[in-house]
Amino acid sequence: MKISIFVVVLLAWSITALADDSNFSTHLHSKFQTKGCTNCHDFFDKERGGLSFKSHKGRSPDMCVYCHTQDVTGFKHTDEWFAQPGLYTSGMDSQQTCEAIKTALHAKFKNKGMVARQIEIHLFEDPRVLWGIEEATPNSGMLPGGEKEKDLVKEGLTKWKDQVRAWIQGGMKCQ
Ligand code: HEC
Ligand code: HEC
């Protein structure tokens with residue numbers, strides 16, 4: 001009898017431990033890996049079919065605004081629609097995605113408090129990130145020519161903020 005109670009308690013504990021909100025893998029890995037984020041981060045990555053080697057061949061950084069206009073993106077500053085290499089990309093597992101984010105932020109060289117602030121500002125206010133979250137802005141997912149990216153971060157901005165905060169407050173673990 002006592003043993004079975006022990007087993008039940010242990011089981012309940014392990015299920016909660018598995019769903020630990022402070023782990024990057026619990027909610028965030030799949031969200032960071034939606035096409036709305038990775039199509040742009042893969043832009044200059046040939047192996048991952050980056051757009052700069054396909055439909056966007058030969059388009060310079062100054063040209064982005066001709067098609068990804070303010071009407072399309074809803075950005076305050078249209079020229080903030082851009083891509084660059086050296087970010088996390090598609091196909092990375094949870095650990096790799098999380099480590100790449102920290103590398104992009106040069107986290108190794110900063111106080112943890114500052115990194116936490118910077119990542120929070122980026123993930124809650126950056127126009128590119130908000131564009132990739134379903135219904136975070138009226139223009140989220142909108143592309144030129146009436147096209148729309150459908151694989152965006154689901155469940156909305158409030159849930160996103162809760163989950164990002166849980167990860168930051170838990171020490172930004174890459175598990
Ligand atoms: C239009 C292209 C584009 C889209 C869409 C985009 N990003 Fe980025 N991302 C960038 C660029 C460019 C940078 C580097 C400059 C910067 O920090 O904003 C970046 C940097 C980052 C960084 C590194 C932090 C930093 O400050 O450098 C993270 C994390 C990130 N993006 C997450 C996301 C997430 C999550 C999404 C989707 C919800 C997303 N991005 C959508 C272009 C994009
Ligand atoms: C001539 C018009 C035009 C120009 C210039 C242009 N784009 Fe695009 N872009 C499009 C169209 C149309 C799509 C949707 C179809 C596709 O993916 O090619 C698109 C899609 C994208 C996507 C895919 C987003 C997603 O999640 O599906 C990214 C990222 C992107 N563009 C980035 C850029 C960047 C960065 C630049 C500047 C270097 C740029 N574009 C210049 C027309 C343009």
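In short, a report on the structure.

Rules and cut-offs
Residues numbered from 1 in each chain as written. Chains lettered and ligands numbered in written order. Predicted model: local features only at pLDDT ≥ 70, side-chain atom pairs only at ≥ 80, totals over all residues. Near = placed C-beta within 6 Å. Helix = DSSP H or I, 4+ residues; strand = E, 2+ residues; numbered from the N terminus. Nonpolar A, V, L, I, M, F, W, Y, C, P; charged D, E, K, R; others polar. Axes fitted to C-alpha atoms, helices over the stretch in contact; angles between N-to-C directions. Parallel < 35°, antiparallel > 145°, perpendicular 65-115°, else oblique. Left-handed = near helix turned anticlockwise from the far one by under 90°. Contact = placed C-beta atoms within 7 Å. Buried ≥ 20, exposed ≤ 12 C-beta atoms within 10 Å, placed from the backbone. Arc of directions from axis to C-beta. Core = buried A, V, L, I, M, F, W, Y, C linked by C-beta atoms within 7 Å.

### Digging into the site of ligand 1
Taken together, the neighbourhood of ligand 1 is formed by 21 residues, with Cys37, Cys40, Ala104, Arg128 and Gly132 sitting nearest. In terms of residue count, the dominant contributor to the shell around ligand 1 is helix 3 (residues 35–41) (four residues). Considered class by class, the residues forming the shell around ligand 1 number 14 nonpolar, five polar and two charged.

### Some details on the packing of helix 7 (residues 112–125) against helix 9 (residues 156–169)
One way to put it is that helix 7 packs onto helix 9 with a least axis distance of 11 Å and a crossing angle of 165°. Here helix 7 is positioned roughly antiparallel relative to helix 9, judged by the angle of their axes. For the crossing formed where helix 7 meets helix 9, the hand is right-handed. Packed against helix 7, whose contacting residues are Ala116, Ile119, Glu120, Leu123 and Phe124, the element helix 9 presents Lys161, Val164 and Ile168 at the interface. Among the residues making up the contact of helix 7 with helix 9, the classes are represented as six nonpolar, no polar and two charged.

### Remarks on helix 6 (residues 94–104)
Along an α-helix, residues three or four apart share an orientation, since each turn contains 3.6 residues. When helix 6 is considered as a whole, its buried residues turn out to be Thr97, Cys98 and Ile101. Along helix 6, the residues classed as buried sweep out an arc of 95° about the axis, all on the same side. The elements touched by buried residues of helix 6 are helix 2 (28–32). Positive phi appears at His106, one or two residues downstream of helix 6, with a value of about 55°.

### Some points on the site of ligand 2
Neighbouring ligand 2 are 22 residues, the closest being Asn39, Ser55, Cys64, Cys67 and Glu149. Of all the secondary-structure elements, those providing two or more residues to the shell around ligand 2 are helix 3 and helix 4 (64–67). When residues of the shell around ligand 2 are assigned to their parent elements, the largest contribution, four residues, is made by helix 3. Residues belonging to the shell around ligand 2 are distributed by class as follows: 12 nonpolar, six polar and four charged.

### Considering the nonpolar core
Counting residues in hydrophobic clusters, the biggest one holds eight residues: Phe24, Leu28, Phe32, Cys37, Tyr88, Cys98, Ile101 and Trp167. Looking at this core, the elements with two or more residues in it are helix 2 and helix 6. Counting residues in hydrophobic clusters, the runner-up holds six residues, among them Leu130, Trp131, Ala136 and Val153.

### Let's talk about the environment of Tyr88
By the secondary structure assignment, Tyr88 is in the loop between helix 5 (70–73) and helix 6. For Tyr88, a count of 21 C-beta atoms within 10 Å corresponds to the buried category. Remark: the alpha-carbon pair of Tyr88 and Cys98, spanning 10 residues in sequence, is separated by 8.0 Å. Contacts of Tyr88, omitting those with residues within four sequence positions, involve Phe32, His41, Thr97, Ala100 and Ile101.

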